[in-house]
Amino acid sequence: DYQSMAEENKITKKVEENKLNSKTDIHAVLMGDSVLDTFYWLSDKRRDVRFELDRLLKEDNKNSKCTNLAVDESTIYNVMYSIIPNRGYVRSRAWNNLEAYPVDRDGFVKPLPLLRNLKDPTHVILSIGGNDARAAFASSFDLEGIYKRMVDKGIIFAFETLITQLTKIVPNIILVIVYHPLITSCPIIHMLPKASVISELIVRFIPMFLDVAKKFKLPVIDLARTFNPHDSRDYGTTPIEPSNRSGLYIAEMARHIIHTFDFGKEDAKIYTGLVSDPDGNKSNWRPLRAEVIDESFKDLEKYRTSLQKHMEEGRLRAGNTCVIS
């Protein structure tokens, strides 16, 4: 509609202005889980999110960079305290000549101390919560049972505690919302609930992200309404992880937000869509949108309807597919 087109044109103009005036040295830090520590699941393991964001930031300023402190399989607890990286991922990093995980002498990655010891980090991109949810699937595939288990385990409280700790080190944080797995993988692969249950779980836990974003005035990347769950190209060698293609969506969106969002001053915003057209022909285009996280988001039906619309549009774009709902 006209309003969406006007917002898109405004965003594009702001991006160009900031790219021309990008004199600040950016040091972006990835933290969290495999949404950002993507390499293991990619067809081209060298071009992970860290590589793509580092490349994009250097296009704007040769002194800018991206550091990875994210570790596949991390939960909120792991980011707050520590994790021993899976040996398979450690070996794969070495085999593919990728930078090793920053482990201590005992083999632990301790993200918060590592962040404190970095030289001049300016932004943190955080993806977390998906593995906390998957742990709940192990005990129940019932929607209410999964949701209750996650609440009882204190995930919402732990998430806000983590953000509070992070803001004391680096206040400029970009939150990343979990996405829907490839539709045809549910519930056949990876012990997942039905697609309809996963969709509703995403809706139920949106307030966890948006409430914290609002409290700390943070931007949010909404992958649930960015990835197309009917398009296998948005997924890596497993249908629950990003691909090289969708990893670039994340990197481009992070760069866009770094250059355009006024941290500490602007109200919280939620971002959806694509910064650039992956195919160059508009066939899979999802226009970039930035919505202020206002009181209307307290009505979960607003987000539920928007997510359902996104998924239906994705199904139509992807053509014939086997949908399990």
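Here is what the cut-offs are and how they apply
Residues numbered from 1 in each chain as written. Predicted model: local features only at pLDDT ≥ 70, side-chain atom pairs only at ≥ 80, totals over all residues. Heavy atoms only, no water. Pairing = 2+ DSSP bridges. Helix = DSSP H or I, 4+ residues; strand = E, 2+ residues; numbered from the N terminus. Axes fitted to C-alpha atoms, helices over the stretch in contact; angles between N-to-C directions. Core = buried A, V, L, I, M, F, W, Y, C linked by side-chain atoms within 4.5 Å. Buried < 20%, exposed > 50% of the residue type's maximum accessible area, 1.4 Å probe, protein only. Contact = heavy atoms within 4.5 Å.

**Q** Explanation requested: the sheet that holds strand 3 (residues 123-127) in the structure shown.
**A** Sheets are built from strands that pair by backbone hydrogen bonding, the pairs being arranged parallel or antiparallel. The strand order across the open sheet formed by seven strands is 2-1-3-4-5-6-7, and the pairing between neighbours is mixed. Lying at the two open borders of the sheet, with one neighbouring strand each, are strand 2 (65-68) and strand 7 (289-292). Between one strand and the next, the sheet's axes are offset by a mean angle of 25°, whatever the strand orientation. Relative to strand 5 (residues 219-222), strand 4 (residues 173-177) is paired through three bridges, and the arrangement is parallel. For isoleucine 177, the partnering residue across the bridge sits in strand 5 and is aspartate 222.

**Q** Would you take a moment to explain the nonpolar core for this structure?
**A** As a rule of thumb, soluble globular proteins bury nonpolar side chains together. Formed by 44 residues in total, the largest nonpolar core has its most connected members in Met31, Leu126, Phe159, Leu162, Ile163, Leu166 and Leu175. Secondary-structure elements contributing two or more residues to this core are strand 1 (27-32), helix 3 (76-80), helix 5 (111-117), strand 3, helix 8 (155-167), strand 4, helix 9 (195-216) and helix 11 (300-318). Of all the elements, helix 9 adds the most residues to this core, at eleven residues. In this structure, isoleucine 163 is in contact with Leu126, Ile173, Leu175, Val212, Phe216 and Leu218, ignoring residues within four places of it in sequence. Ranked by size, the runner-up nonpolar core spans 34 residues in total, among them Val49, Val176, Tyr249 and Tyr271.

**Q** Just checking my understanding: could you explain the environment of arginine 50 for this structure?
**A** Among the secondary structure elements, arginine 50 is positioned in helix 2 (residues 49-60). Judged by its relative accessible area of 23%, arginine 50 falls in the partly exposed class. Put simply, arginine 50 and cysteine 66 are 16 residues apart on the chain and 6.0 Å apart in space, counted from C-alpha to C-alpha. Discounting chain neighbours no more than four positions away, the residues touching arginine 50 are Leu30, Cys66, Thr67 and Asn68.

Just distances and angles here, no functional claims.
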